[in-house]
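Secondary and tertiary structure notes
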Amino acid sequence: MPSKPKKRKKSDTMNERTRLFIRCQIISAVVYIGLFLICSVIALSMNASKSMMFYISIAAFALSSFICGFYAGMKTRKNGLAVGLLNALLFNTLILLISITVNSFKIDFTAIISYAILLICSMLGGIAAVNTKQKPKVKVKKGKG
């Protein structure tokens, strides 16, 4: 007699969402640190100016946000825009707060624009992940043998 499939409890799905959120934050931090170090080495070897360093750091942040949104979208497979935004929002807000603190609590136009770029990149990552095709699962047939 086959057993009935168990229904998931609401707390189970909340725990899954929480774990996904935490994983996204860790992935975003690790990817950002790695990309920022790589970009810093490249910029130092090129003797980049101060304005060029700003663009390099924004590129590293944007790619990190995209990857975080993409990862979250791949795991949920629905609502790519919202999932990408919500999973990258905490890390991007933390980076914005650090930027404002370093800048003597002065909010300038570049901080707002860069924050918007990061959020847009995370949403694009979520959308791209939801719209990618999944590989079909291969069913293994048990043969007599």
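Preceding this paragraph is the structure being described.
Examining the overall build of the protein
Looking only at helices and strands, the protein features four helices and zero strands. Reading the helices (α) and strands (β) of the protein from amino to carboxyl end gives α-α-α-α. By residue count, 29% of the 145 residues in the protein fall in the buried class. Long-range contacts, defined as pairs at least 24 residues apart, comprise 82% of the intrachain contacts of the protein with a sequence gap of at least 6.

With respect to the environment of Ile120
Of note, Ile120 is situated in helix α4 (residues 109-130). Taking relative accessible area as the criterion, Ile120 reaches 45% and is therefore assigned partly exposed. Sequence separation between Ile120 and Phe66 is 54 residues; the distance between their C-alpha atoms is 8.5 Å.

Re the nonpolar core
Of all hydrophobic cores here, the largest spans 12 residues; its members are Tyr32, Leu35, Cys39, Ala43, Ile56, Ala60, Phe61, Ala62, Phe91, Ile95, Leu118 and Cys121. When residues of this core are traced back to their parent elements, those giving at least two are α1 (10-46), α2 (50-76), α3 (80-102) and α4. The contacts of Ala60, once residues within four sequence positions are left out, are Tyr32, Leu35, Phe36 and Cys39. By size, the runner-up hydrophobic cluster in this structure holds six residues, among which are Leu20, Ala72, Val83 and Ala88.

Quick word on the side chain of Ser28
Locating Ser28 in the fold gives a position in helix α1. The class of Ser28 is buried, set by a relative accessible area of 2%. With sequence-adjacent residues up to four places away left out, Ser28 is seen in contact with Ser64, Cys68 and Phe91.

A short note on the packing of α2 against α3
Following both chains from N to C, one finds α2 and α3 inclined at 145°, their axes separated by 8 Å at the closest point. Crossing handedness for the pair α2 and α3: right-handed. Side by side, α2 and α3 meet where Phe61, Ser65, Cys68, Gly69, Ala72, Gly73 and Thr76 of the first sit next to Val83, Gly84, Asn87, Ala88, Asn92 and Ile95 of the second. In terms of residue class, the contact of α2 with α3 is built from six nonpolar, seven polar and no charged.

With respect to the packing of aromatic side chains
Scanning the entire structure with this criterion turns up five aromatic pairs. Consider the rings of Phe66 and Phe70, whose centres lie 6.2 Å apart with planes at 20°: the pair is stacked. Taken together, the residues Phe66 and Phe70, both in helix α2 and four residues apart, mark about one turn of the helix. Under the relative-accessibility criterion, Phe66 is labelled partly exposed at 29%. An aromatic cluster is built from Tyr32, Phe36, Phe61 and Phe91, whose rings are joined through pairwise contacts.

Definitions and limits used
Residues numbered from 1 in each chain as written. Predicted model: local features only at pLDDT ≥ 70, side-chain atom pairs only at ≥ 80, totals over all residues. Heavy atoms only, no water. Helix = DSSP H or I, 4+ residues; strand = E, 2+ residues; numbered from the N terminus. Buried < 20%, exposed > 50% of the residue type's maximum accessible area, 1.4 Å probe, protein only. Contact = heavy atoms within 4.5 Å. Core = buried A, V, L, I, M, F, W, Y, C linked by side-chain atoms within 4.5 Å. Axes fitted to C-alpha atoms, helices over the stretch in contact; angles between N-to-C directions. Left-handed = near helix turned anticlockwise from the far one by under 90°. Nonpolar A, V, L, I, M, F, W, Y, C, P; charged D, E, K, R; others polar. Phe/Tyr/Trp six-rings, centres within 6.5 Å; stacked < 30°, edge-to-face > 60°.

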